[in-house]
Amino acid sequence: CPDASRYGLFSYDLNEMGGLEGTGAWTSSEGKGAELIGGRLGKKEIAGNYEIVGRRPTGDIDKGMSETYIGKLTVTQNMERYQLQWQLEDKVPYNGFGYVVGNSLVGVWGIGKEYGVKTYTIDGDYAVGKCEWTSPSLDFQTNSETIKRK
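What counts and what doesn't
- Residues numbered from 1 in each chain as written.
- Predicted model: local features only at pLDDT ≥ 70, side-chain atom pairs only at ≥ 80, totals over all residues.
- Heavy atoms only, no water.
- Helix = DSSP H or I, 4+ residues; strand = E, 2+ residues; numbered from the N terminus.
- Buried < 20%, exposed > 50% of the residue type's maximum accessible area, 1.4 Å probe, protein only.
- Contact = heavy atoms within 4.5 Å.
- Areas by Shrake-Rupley, 256 points an atom, 1.4 Å probe, with all protein chains shown as cover.
- Salt bridge = Lys/Arg side-chain N within 4 Å of Asp/Glu carboxyl O.
- Polar contact = N/O pair within 3.5 Å; in protein donor to acceptor, adjacent residues only side chain to side chain.
- Lys, Arg positive; Asp, Glu negative; His and termini not counted.
- Phe/Tyr/Trp six-rings, centres within 6.5 Å; stacked < 30°, edge-to-face > 60°.

Peer 1: Just to check I follow, could you spell out the overall build of the protein for this structure?
Peer 2: Secondary structure summary: the protein contains one helix and 11 strands in total. Each helix and strand of the protein, ordered N terminal to C terminal, gives the series β-β-β-β-α-β-β-β-β-β-β-β. Looking at the protein residue by residue over its 150 residues, the buried ones come to 36%. Considering only residue pairs separated by 6 or more positions, the protein has 34% of its internal contacts joining residues 24 or more positions apart. On the protein, roughly 9,000 Å² of surface is accessible, and the fraction owed to carbon and sulfur atoms is 53%.

Peer 1: Can you help me understand the pattern of salt bridges in this one?
Peer 2: Pairing is possible between side chains of opposite charge, provided their charged atoms come close. In the structure shown here, the tally under the stated rule is four salt bridges. A salt bridge links Arg-55 to Glu-67; the shortest N-O distance between them is 3.2 Å. Remark: Glu-67 occurs in the loop between α1 (58–62) and β5 (68–78) and Arg-55 occurs in strand β4 (residues 48–55); sequence separation between them is 12 residues. Taking relative accessible area as the criterion, Glu-67 reaches 43% and is therefore assigned partly exposed. Close ionic contact of Glu-89 with Arg-56 constitutes a salt bridge, the shortest N to O distance being 3.9 Å.

Peer 1: What's the story with the side chain of Asn-15 in this structure? I'm lost.
Peer 2: Secondary-structure assignment places Asn-15 in the loop between β1 (7–14) and β2 (20–28). Polar contacts involving the side chain of Asn-15 include one to the main-chain amide nitrogen of Met-17, which spans 2.8 Å.

Peer 1: Could you clarify how one ought to interpret the environment of Asp-60 in this entry?
Peer 2: Looking at where Asp-60 falls in the secondary structure, it is placed in helix α1. Accessibility expressed as a relative area gives 2% for Asp-60, which makes it buried.

Peer 1: I would appreciate a short explanation of the side chain of Glu-35 in the present structure.
Peer 2: Secondary-structure assignment places Glu-35 in strand β3 (residues 31–39). In this structure, Glu-35 is buried with no salt-bridge partner, the nearest side chain bearing the opposite charge being Arg-56 at 9.1 Å. A distance of 2.4 Å separates the side chain of Glu-35 from the side chain of Tyr-12, its partner in a polar contact. In contact with Glu-35, other than residues within four places in its own chain, are Tyr-12, Gly-22, Thr-23, Gly-24, Trp-26, Ile-52, Val-53, Gly-54, Tyr-69 and Trp-86.

Peer 1: Would you mind going over the packing of aromatic side chains with me for this structure?
Peer 2: By convention here, two paired aromatic rings are described through the distance between centres and the angle between planes. Taken as a whole, this structure holds five aromatic pairs when the rule is applied. Arranged with centres 5.5 Å apart and planes meeting at 65 degrees, the rings of Phe-10 and Trp-86 form a pair that is edge-to-face. Within this pair, whereas Phe-10 is found in strand β1, its partner Trp-86 is found in strand β6 (residues 81–88), the two being separated by 76 residues in sequence. The exposure classification of Phe-10 matches that of Trp-86, with both residues buried. Ring geometry for Tyr-94 against Trp-109: centres 5.7 Å apart, planes inclined by 65 degrees, an arrangement best described as edge-to-face. With a gap of 15 residues between them, Tyr-94 in strand β7 (residues 93–101) and Trp-109 in strand β8 (residues 104–110) connect regions that are remote in the sequence. Here Tyr-94 and Trp-109 have matching classes, each one buried. An aromatic cluster of at least three residues, connected via ring pairs, comprises Phe-10, Tyr-12 and Trp-86.

See the structure below:
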């Protein structure tokens, strides 16, 4: 059974029409992994069902996990936010959410609801920033805070 405290970041490249390109990367406390995506490529929309083949990071392999994995990725859209669910061979779903930033779909993933994302806009001249953040444990209600370097 995977560690219930696992979480990390993900990034998937977008094609010139705005859909998924077919490659992605992710991180966790165990290192960096990579994925190839098949299915609904060459489309304008991101939402849909995909087949995935991935390579686990060295830290997972050192713990006895297989070097590669296969599974399914389901992406749904809720306004500007995308919900992702990875279903791998180990049968434990990994959930995540993300946003389109430039030419990528980026966000966070985890097991359970104890993960979230903060995005900062920094005004370097004044060392002041505004942060918006959300988490599944907060039912995705957006919160904000202002930071100031001392």
